[in-house]
Amino acid sequence: MSISLTSLILLPIWINMAQIQQGGPDEKEKTTALKDLLSRIDLDELMKKDEPPLDFPDTLEGFEYAFNEKGQLRHIKTGEPFVFNYREDLHRWNQKRYEALGEIITKYVYELLEKDCNLKKISIPVDATESEPKSFIFMSEDALTNPQKLMVLIHGSGVVRAGQWARRLIINEDLDSGTQIPFIKRAVAEGYGVIVLNPNENYIEVEKPKIHVQSSSDSSDEPAEKRERKDKVSKETKKRRDFYEKYRNPQREKEMMQLYIRENGSPEEHAIYVWDHFIAQAAAENVFFVAHSYGGLAFVELMIQREADVKNKVTAVALTDSVHNVWHQEAGKTIREWMRENCCNWVSSSEPLDTSVESMLPDCPRVSAGPV
């Protein structure tokens, strides 16, 4: 196992400090000297040698990856699959690299939804001002006008966005496994209108404004000697805080704040908003839902809030590994009865496809999604 440069340098010092602190009062001077030594070490430089800058490409080409004809992510030069542990013993850096690639793939899938699936990107809230935070969904041209059939897709929780089922599968398997694209293409081919929800796009991130605190000595009427003492204590406190911050987070990242999107601040809110402003207005006689994981919970919440309307428009619901819970969500008897008749939850199981799987919840049937 490799040991980082920083660990090699700092470990003996930490050990010595621990040993000294176990001694008597006469060891205080040595402790102070060691602390002073630590304060002189430029941890910025040490840690940068351990961890490369968190500065990653913003294109697949920059990462030297591309999707091949089978929809598999492969290295342009070697043809190898994506490697998470690109730098040994640098888990944080590897994770940040993975997240940066994931953001690029999210944009790539958005492009496929528009170019390959011919969906339109629709901004929400529908009445948003120019300056407020916005999200979006995707719809086929005939989503609201198709008189017969409408398919609505809802993904699960986490980092996935519209058009995705699982980022891990997109990166490690292929686009067909990890995206909703096969579902969308088949639905369109069979005459469905399509709406793709985006329930995890709940806020935008902006950099936190820096707060400038005016020094108390600027306007204080305190005696100069007292002000100097306070300033000295303040500087020492800041020095210690900066020292530990350097060790904890040497590559100081920007502090961000979240601005939530009106009426779309959670997956549940988003599902209700899209229902009210789009699905409820659709001409389709039959509406079908496909909801994965937390998407199933969002659908049940939609039923609770819009029970009569959902029953009137929705014909069937296909759930996949849904995490809904009719007891915790306080779904009434009439909702549970409707779900038993109109919903089915395909769950992970080693049993053959469509084999009945027991459930302790009195809602929809559970069947096997088939062995992997």
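Just above sits the structure.
Predicted model, so just to flag it, every value in this text is computed and none were measured.

Draft legend 1. Inspection of the overall build of the protein at higher detail. Along the protein, the regular secondary structure elements total 13 helices and 12 strands. Expressed as a percentage of the 372 residues in the protein, the buried residues total 41%. For the protein, the accessible area works out to roughly 21,800 Å², and carbon and sulfur atoms hold 51% of it.

Draft legend 2. Focus on the packing of helix H10 (residues 267–277) against helix H11 (residues 294–305). At a closest axis distance of 9 Å, the pairing of H10 and H11 adopts a crossing angle of 55°. Taken together, the axes of H10 and H11 are oblique relative to one another. For the element pair H10 and H11, the recorded crossing hand is right-handed. Each of Pro267, Glu268, Ala271, Ile272 and Trp275 in H10 lies in contact with H11, whose residues at this interface are Tyr294, Leu297, Ala298, Glu301, Leu302 and Gln305. Classifying every residue of the contact of H10 with H11 by side-chain character gives eight nonpolar, one polar and two charged.

Draft legend 3. Geometry of the environment of Ser349. Of note, Ser349 is situated in the loop between strand E11 (343–347) and strand E12 (366–368). Ser349 sits 20 residues away from Ala369 along the chain, and the two C-alpha atoms are 6.4 Å apart. Ignoring any residue separated from it by four or fewer positions in sequence, one finds Ser349 in contact with Val357, Ser368, Gly370 and Pro371. Polar contacts involving the side chain of Ser349 include one to the main-chain amide nitrogen of Glu351, which spans 3.0 Å.

Draft legend 4. Seen up close, the nonpolar core. Core analysis: the biggest nonpolar cluster contains 38 residues, and Leu150, Ile195, Ile279, Phe289, Phe299 and Met339 have the highest contact counts within it. For this core, the secondary structure elements donating two or more residues are strand E3 (120–124), strand E4 (135–139), strand E5 (149–154), H10, strand E9 (286–292), H11, strand E10 (314–320) and helix H13 (333–342). If near-sequence neighbours (up to four positions away) are discounted, Ile279 is found in contact with Leu150, Val152, Ile195, Val274, Val287, Phe289 and Lys313.

Draft legend 5. Representation of H13 in the model. For H13, the complete set of buried residues consists of Ile335, Arg336, Trp338 and Met339. In an axial view of H13, the angular spread of the buried residues amounts to 160°, which keeps them on one side of the axis. Away from its buried face, by an angle of more than 90 degrees, H13 presents the exposed residues Lys333 and Glu341. Against the buried residues of H13 lie H11, helix H12 (307–313), E10 and E11.

Draft legend 6. Region of the structure containing the layout of surface pockets. Counted as a void, the second largest pocket has a volume near 940 Å³. What lines the second largest pocket is a set of 32 residues, among which Trp165, Phe183, Val290, Thr320 and Trp346 lie closest to the centre. Put simply, the parts of the chain that give the lining of the second largest pocket at least two residues each are helix H5 (167–172), helix H6 (175–178), helix H7 (181–189), E9, E10 and E11. Looking at the lining of the second largest pocket residue by residue, the classes come out as 21 nonpolar, six polar and five charged.

Draft legend 7. Looking closely at the sheet that holds E3. Spatially, the eight strands line up as an open sheet ordered E3-E4-E6-E5-E9-E10-E11-E12, and their pairing is mixed. The two strands at the open ends of the sheet, each matched to only one other strand, are E3 and E12. Each neighbouring strand pair of the sheet contributes to a mean axis angle of 20°, computed without reference to strand direction. Alignment of E11 against E12, held across three bridges, turns out to be parallel. Across the sheet, residue Val347 finds its bridge partner in E12, namely Ser368.

Draft legend 8. Looking closely at the pattern of salt bridges. Overall, the coordinates contain 10 salt bridges when judged by the stated rule. With a shortest N-O distance of 3.7 Å, Glu141 and Lys120 are connected by a salt bridge. Of the two residues, Glu141 sits in the loop between E4 and E5 while Lys120 sits in strand E3, which places them 21 residues apart along the sequence. In this structure Glu141 comes out as exposed when scored by relative accessible area, which is 61%. Taking the relative accessible area as the measure of exposure, Lys120 reaches 33% and is therefore partly exposed. Ionic pairing is found between Arg262 and Asp127, a salt bridge with its closest N-O pair at 3.1 Å. One end of the pair, Arg262, is in the loop between strand E8 (256–260) and H10; the other, Asp127, is in the loop between E3 and E4, with 135 residues separating them in the sequence. For Arg262, a relative accessible area of 29% puts it in the partly exposed group.

Draft legend 9. Examining the environment of Lys134 more closely. Considering the arrangement of structural elements, one finds Lys134 in the loop between E3 and E4. Among the residues examined, Lys134 registers a relative accessible area of 30% and is labelled partly exposed. C-alpha of Lys134 to C-alpha of Glu201: the two residues are 67 residues apart in sequence and 8.9 Å apart in space. Here the side chain of Lys134 touches Thr129 through a polar contact of 3.1 Å, landing on its backbone oxygen.

Draft legend 10. Inspection of the environment of Pro199 at higher detail. Within the secondary structure, Pro199 sits in the loop between strand E6 (193–196) and strand E7 (203–207). Classification of Pro199 by relative accessible area gives buried; the value is 2%. The spatial distance from the C-alpha of Pro199 to the C-alpha of Ser157 is 8.0 Å, given a sequence separation of 42 residues.

How each quantity is defined
Residues numbered from 1 in each chain as written. Predicted model: local features only at pLDDT ≥ 70, side-chain atom pairs only at ≥ 80, totals over all residues. Heavy atoms only, no water. Helix = DSSP H or I, 4+ residues; strand = E, 2+ residues; numbered from the N terminus. Buried < 20%, exposed > 50% of the residue type's maximum accessible area, 1.4 Å probe, protein only. Areas by Shrake-Rupley, 256 points an atom, 1.4 Å probe, with all protein chains shown as cover. Axes fitted to C-alpha atoms, helices over the stretch in contact; angles between N-to-C directions. Parallel < 35°, antiparallel > 145°, perpendicular 65-115°, else oblique. Left-handed = near helix turned anticlockwise from the far one by under 90°. Contact = heavy atoms within 4.5 Å. Nonpolar A, V, L, I, M, F, W, Y, C, P; charged D, E, K, R; others polar. Polar contact = N/O pair within 3.5 Å; in protein donor to acceptor, adjacent residues only side chain to side chain. Core = buried A, V, L, I, M, F, W, Y, C linked by side-chain atoms within 4.5 Å. Arc of directions from axis to C-beta. 1 Å grid on protein atoms, 1.4 Å probe; cavity = no way out; pocket = protein on both sides within 12 Å on 5 of 7 lines; lining within 4 Å. Points joined across faces, edges and corners; volume = space filled by probe spheres on them. Pairing = 2+ DSSP bridges. Salt bridge = Lys/Arg side-chain N within 4 Å of Asp/Glu carboxyl O.

Any functional reading would require information beyond the geometric quantities listed.
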